[in-house]
Amino acid sequence: MSITFKEVEHTYSENTPFSYHALKGIDLNIKTGSMTALIGHTGSGKSTLIQHINALLLPTAGEIKVDDILITATDKPETLKPLRKKAGLVFQFPEYQLFEETILKDIIFGPKNFGVNEEEAIEIAKETLELVGLDESYLEKSPFDLSGGQKRRVAIAGVIAMNPEVLILDEPTAGLDPGGRDEIFNLIKKLHRDNNITIILSSHSMDDMAKLAQTIIVMNHGKIEFMGTPR
């Protein structure tokens, strides 16, 4: 599933004194099955860009095409529900998207929302939890009793449970110690290798992304400065 940005602009609080021009003329194509990293300092536009891929944000101008779904400034998010199944986003701080009292309820929420019955959703939860390296004993635990790295794994499991074609991770190792960071990177590599999905990562760490990604996009003040292989 390819992703194309064409002359995309995004301005927060447009036509107010607090207006901020976050994306400026973004032209971009992300190939199906690739692993792409967005690199840049805080405020460079990385998070703003990735939130356009599943229409959490709509462009102020320009258009984004995800497979056969077109996203423009006039499209309303409620018309884009199929896109949320195709493109799953894991936020920088997983506690922002973990909200149920148990890990099981958290993981099955997405599949049930897309019409999967509870029995099948539970089986999906068990499988996805195993995919991210946690066993069934975690299903009845509260997500808020977990370590940072475990929360990240559960958040990824909740997105993978919806069988997305694109997995988007915003600063996937933020706040983790070196051991937790390595575990998450190994998990990302395994998911990419075994599931043949398109993965998009946002990070400020060039060293980490150079080891992981096939394509690197360097952002600066809302623009793409460089794009190519890590080398």
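The structure we're discussing is the one just above.
### A word on the sheet that holds strand E10 (residues 223-228)
The pairing of strands in a sheet happens through backbone hydrogen bonds and is either parallel or antiparallel. The 6 strands are arranged E6-E7-E8-E3-E9-E10 in an open sheet whose pairing can be described as mixed. Single-partner strands in this sheet number two, and they are strand E6 (87-90) and E10. Between one strand and the next, the sheet's axes are offset by a mean angle of 15°, whatever the strand orientation. Along the sheet face, helix H5 (residues 148-160) touches E6 and strand E7 (166-170) and points at about 165° away from the line of E6.

### Some thoughts on the pairing of E6
Here E6 shows two buried faces, one formed by Ala87 and Leu89 and the other by Gly88 and Val90. Relative to E7, E6 runs parallel, the two sharing 4 bridges. Bridging from a neighbouring strand, valine 90 pairs with leucine 169 of E7.

### Focus: helix H6 (residues 178-195)
The terminal C-alpha atoms of H6 lie 26 Å apart, and with 18 residues this matches the ideal 26 Å at 1.5 Å per residue to within 8%. Within the span of H6, buried status applies to Gly180, Ile184, Phe185, Leu187, Ile188, Leu191 and His192. Down the axis of H6, the sector holding all buried residues measures 155°, keeping them to one side. Exposed positions of H6 whose direction lies more than 90 degrees from the buried face are Pro178 and Arg193. Each element contacted by the buried residues of H6 is listed here: strand E3 (35-39), helix H4 (118-131), H5, E7, strand E8 (198-203) and helix H7 (206-212). Once H6 ends, the next one or two residues include asparagine 196, with phi positive near 50°.

### What to know about a negative patch on the surface
A surface patch of negative charge is lined by Glu127, Glu130, Asp135 and Glu136. Take glutamate 127: it is sitting in helix H4.

### Some details on the packing of aromatic side chains
Taken as a whole and judged by the stated rule, the model has 1 aromatic pair. Taking the centre distance of 5.1 Å and the plane angle of 90° together, the rings of phenylalanine 99 and phenylalanine 109 count as edge-to-face. With a gap of 10 residues between them, phenylalanine 99 in the loop between E6 and helix H3 (103-113) and phenylalanine 109 in helix H3 connect regions that are remote in the sequence. With a relative accessible area of 48%, phenylalanine 99 lands in the partly exposed category.

### Regarding the packing of H5 against H6
At a minimum axis distance of 10 Å, the contact between H5 and H6 shows a crossing angle of 20°. Relative to H6, the element H5 is oriented roughly parallel. Like other packed secondary-structure pairs, H5 and H6 cross with a definite hand, here right-handed. Residues Gly149, Arg152, Arg153, Ile156 and Ile160 of H5 form the contact with H6, whose own contacting residues are Glu183, Ile184, Leu187 and Leu191. A breakdown of the residues in the contact of H5 with H6 according to their chemical character gives 5 nonpolar, 1 polar and 3 charged.

### As for the sheet that holds strand E2 (residues 20-30)
The strand order across the open sheet built from 4 strands is E2-E1-E4-E5, with neighbouring strands paired in antiparallel fashion. The open sheet has two edge strands, E2 and strand E5 (69-72), and neither has a second partner. Here the average twist between neighbouring strands, direction ignored, is 20°. For strand E4 (residues 61-66) and E5, the ladder comprises 4 bridges, and the chain directions are antiparallel. In the sheet register, glutamate 63 faces E5, and the bridge partner there is threonine 72.

### With respect to unusual backbone geometry
One non-glycine residue with positive phi stands out, namely aspartate 67, at about 60°. Of note, aspartate 67 is situated in the loop between E4 and E5. Positive phi, close to 50°, is recorded for histidine 221, a residue that is not glycine. Positionally, histidine 221 belongs in the loop between strand E9 (215-220) and E10.

Criteria and thresholds
- Each chain has its residues counted from 1, following the order in which its sequence is written.
- Only residues with pLDDT of 70 or above have their local features reported here, since the model is predicted, and side-chain atom pairs are shown and tallied only from 80 upward, although totals for entire chains, interfaces and linings are computed over all residues.
- Neither water nor hydrogens contribute to the side-chain values; these are computed over all heavy atoms in the structure.
- Any two strands are treated as partners once DSSP identifies two or more bridges connecting them.
- The helix and strand labels rest on DSSP assignments: H or I over at least four residues marks a helix, E over at least two residues marks a strand, and numbering proceeds from the N terminus.
- All axes here are fitted lines through C-alpha atoms, helices being fitted over the stretch that makes contact, and every angle between N-to-C directions spans 0 to 180 degrees.
- By definition in these notes, contact holds between two residues if any of their heavy atoms fall within 4.5 Å.
- Only protein chains enter the calculation, and the probe is 1.4 Å; a residue is then buried if its accessible area is under 20% of its type maximum, exposed if over 50%, and partly exposed in between.
- Helix span is expected to be 1.5 Å times the residue number reduced by one.
- Throughout, the arc means the angular range of directions from the helix axis out to the C-beta atoms.
- The patch calculation keeps residues exceeding 30% relative accessible area without a salt bridge and links them within 9 Å when they carry like charges or within 5 Å when they are nonpolar (Val, Leu, Ile, Met, Phe, Trp, Tyr).
- With residues, only the protein chains shown are counted as cover, and all accessible areas are computed by Shrake-Rupley using a 1.4 Å probe.
- Only one rule defines a salt bridge in this text: a Lys or Arg side-chain nitrogen within 4 Å of an Asp or Glu carboxyl oxygen.
- Positive residues here are Lys and Arg, negative ones are Asp and Glu, while His and the chain termini are left out of the count.
- Throughout, a charge is located at the NZ atom of Lys, the CZ atom of Arg, the CG atom of Asp or the CD atom of Glu.
- Paired rings are identified among Phe, Tyr and Trp, the last through its six-membered ring, by centres lying within 6.5 Å, and are further divided according to the angle between planes into stacked (under 30 degrees), edge-to-face (over 60) and tilted (the rest).
- For classification purposes, angles smaller than 35 degrees are called roughly parallel, those larger than 145 roughly antiparallel, those between 65 and 115 roughly perpendicular, and all remaining angles oblique.
- By definition, any crossing whose near helix is turned counterclockwise from its far helix by less than a right angle is left-handed, and any crossing with a clockwise turn is right-handed.
- When residues are grouped by polarity, Ala, Val, Leu, Ile, Met, Phe, Trp, Tyr, Cys and Pro land in nonpolar, Asp, Glu, Lys and Arg in charged, and all others, Gly among them, in polar.

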